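Fold and geometry: a report
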Amino acid sequence: MTETADLAPVKPPRATARRPAPGSRRRPPRRAARGRLLRRLTPWMFLVVPLVLLITFTYVPVGNMLYYSFTDWDGISPDRNFTGTDNYVQIFTRPELFRVFFVSFYYLAASAVQISIALFFATVLSFDLRFRNLFKGILFFPYLVNGVAIGFIFLYFFKDGGTLDSVLSWVGMGSDHAWLGDPASANTSLAGVSVWRYTGLNFVLFLGAIQSIPGELYEAAQLDGATRWQQFQHIIAPSIRPVLSLSIILAISGSLSVFEIPWIMTGGSTGTSTFVIQTVKLAFQFNKTGLASAAAVVLLLIILLITWIQRRLVPDEKVDLV
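Conventions adopted
Residues numbered from 1 in each chain as written. Predicted model: local features only at pLDDT ≥ 70, side-chain atom pairs only at ≥ 80, totals over all residues. Heavy atoms only, no water. Helix = DSSP H or I, 4+ residues; strand = E, 2+ residues; numbered from the N terminus. Buried < 20%, exposed > 50% of the residue type's maximum accessible area, 1.4 Å probe, protein only. Contact = heavy atoms within 4.5 Å. Areas by Shrake-Rupley, 256 points an atom, 1.4 Å probe, with all protein chains shown as cover. pLDDT = per-residue confidence, 0-100. Axes fitted to C-alpha atoms, helices over the stretch in contact; angles between N-to-C directions. Parallel < 35°, antiparallel > 145°, perpendicular 65-115°, else oblique. Left-handed = near helix turned anticlockwise from the far one by under 90°. Nonpolar A, V, L, I, M, F, W, Y, C, P; charged D, E, K, R; others polar. Polar contact = N/O pair within 3.5 Å; in protein donor to acceptor, adjacent residues only side chain to side chain. Salt bridge = Lys/Arg side-chain N within 4 Å of Asp/Glu carboxyl O.

What to know about the overall build of the chain
Helix and strand counts for the chain stand at 14 helices and zero strands. Starting at the N terminus, the α and β elements of the chain follow one another as α-α-α-α-α-α-α-α-α-α-α-α-α-α. Here the chain, with 322 residues, has 33% of them falling under the buried criterion. A separation threshold of at least 6 residues defines the contact pool for the chain, and within that pool the share at least 24 residues apart is 66%. Accessible area for the chain stands at about 21,600 Å²; split by element, carbon and sulfur atoms hold 65% of it.

Take a look at the structure:
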C-alpha cells in the first residue's frame, strides 16, 4: 500500500508593484499641460515690457502723427478740422517747402567722404602698426562729444577772425571770407563738421568687421605674395559688404534728417535749413502742426523707400571665404 503525501496547494506568487525609476514618474495630465503652457508663455513674459514701451513711444506717436497730417491742427487748440491731403499737396507744390531737400546733397557728399576715410583708416589700423590703439582713440573720440558742444566749438572755429582764419593767416593764406555767410560756403562748412563727428562711428563698424576675418586668410595671402591692396580687394572688401551696406543706409537716412549741427550753428539761416529744421519751425514757430506732421510723414516714407531700393540693389549675401 503506497502512501500519498499530503501536498499543500501551491499558491501563486503575489505580484509585487514595481516602483518607477527615479525621474520617470508620470505627471498628471493637468500638471503637464500647465508646464507646456508656462514654457510657451515664458518668452512673451520677457517681451511684455519692451513691447509695451515700443508701442507706447514709437507706434502710437507715429499713428498720431499720421492722423494729424490730415488735419489743420495748430498744436494748441482742441479743434482739429479734417483737410484731407491738402497738407501733402502743399509740401510738393510750394517750392519753399520742398527746396530744403537739396541741402541734403551737401551732407550726402560728406557721408561719402566720411565712409571713405573711415574705411581707409580701419583697413590700415587693422594691420600690425605702432601706436594703432592711440590712433583708434583719436578717430573715435569726436563721436563721443555731445553734438551741442560740437556746434558751439565749430561756431567759434568758423566765425570771422576765429580759429580757421587765424590758422590760415599763420600760413600766409589769410582771408576775410565769411564761412557761414553764404549758402554754398555755410553748407559746405556744416557738412565738414558732420564728417569730423561721424567718421569715428563708421570707423568702429568697419574695424570690428575687419577684425572678425580669420587670420589664416591673411597668412595664406601673404604666402601667395598678395599685396596689401590685393588683400583688401579679395579678402576685406567681400567680408565687410553687409557692414558697408548698413553704413550707406545710415548715411542716406542721416543726410535727410540732419538737425543738430545746423540748428545750433546757423539756426537754419543763410540757406542752411534742412527738412527737419523746417518741420520744427512749422510746428513750433508757425503753429502748423498738421503741415509739419505731413512733412514728417513724407520724410519717413522717403527714407523707407530709399532703404528698400538700396536693399534690393545691394542685397545681403552670405560671404564664406574659408
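Text resumes after the structure shown.
Structural notes on the confidence of the model for the chain
In low-pLDDT regions, the fine details of the predicted coordinates are not to be read closely. When pLDDT is averaged along the chain, the result is 82, and 87% of the positions lie at 70 or above. In the model of the chain, helix H3 (residues 95-98) stands out as the element of lowest mean pLDDT, 79, in contrast to helix H4 (residues 104-125), which has the highest, 91. In the model, residues 1-7 has pLDDT below 50 throughout and makes zero contacts with residues more than four positions away in sequence or in other chains.

Considerations on helix H13 (residues 275-284)
The element H13 is largely enclosed, with a buried count of seven among its ten residues. Every buried residue of H13 is listed here: Phe-275, Val-276, Ile-277, Gln-278, Thr-279, Leu-282 and Ala-283. Looking at the buried side of H13, the elements it contacts are H3, helix H11 (241-256), helix H12 (260-265) and helix H14 (289-313).

Quick notes on the packing of H13 against H14
For the pair H13 and H14, interaxial distance at closest approach is 7 Å and the crossing angle is 160°. The angle between H13 and H14 places the two elements in the roughly antiparallel class. For the crossing formed where H13 meets H14, the hand is left-handed. Touching Phe-275, Val-276, Thr-279, Leu-282 and Ala-283 of H13 are Thr-289, Leu-291, Ala-292, Ala-295, Ala-296 and Leu-299, all from H14. For the contact of H13 with H14, the residue count by class is nine nonpolar, two polar and no charged.

Some remarks on unusual backbone geometry
In this structure, Phe-131 is a non-glycine residue whose phi angle is positive, near 60°. Positive phi, normally seen in glycine, also occurs at Asn-287, with a value near 55°.

A closer look at the side chain of Thr-266
Note on placement: Thr-266 falls in the loop between H12 and H13. The buried category is assigned to Thr-266, whose relative accessible area is 14%. A distance of 2.6 Å separates the side chain of Thr-266 from the side chain of Thr-272, its partner in a polar contact. The contact partners of Thr-266, leaving out residues within four places of it in the chain, are Leu-190 and Thr-272.

Digging into the pattern of salt bridges
Under the criterion given, the structure shown has one salt bridge. Among the salt bridges present, the one from Arg-197 reaches Glu-260, with a minimum N-O distance of 2.7 Å. With a gap of 63 residues between them, Arg-197 in helix H8 (residues 183-211) and Glu-260 in helix H12 connect regions that are remote in the sequence. The class for Arg-197 is buried, based on a relative accessible area of 10%. Of the residues examined, Glu-260 reaches a relative accessible area of 30% and is grouped as partly exposed.

Structural notes on the environment of Leu-205
Take Leu-205: it is sitting in helix H8. The residues contacting Leu-205, other than those within four sequence positions of it, are Val-243 and Ser-247.

Let's talk about the environment of Ala-283
With respect to the helices, strands and loops of the structure, Ala-283 is situated in helix H13. Once the C-alpha coordinates of Ala-283 and Gly-75 are considered, the two residues, 208 residues apart in sequence, prove to be 7.3 Å apart. Residues within four places of Ala-283 in sequence aside, it is in contact with Lys-288, Thr-289 and Ala-292.

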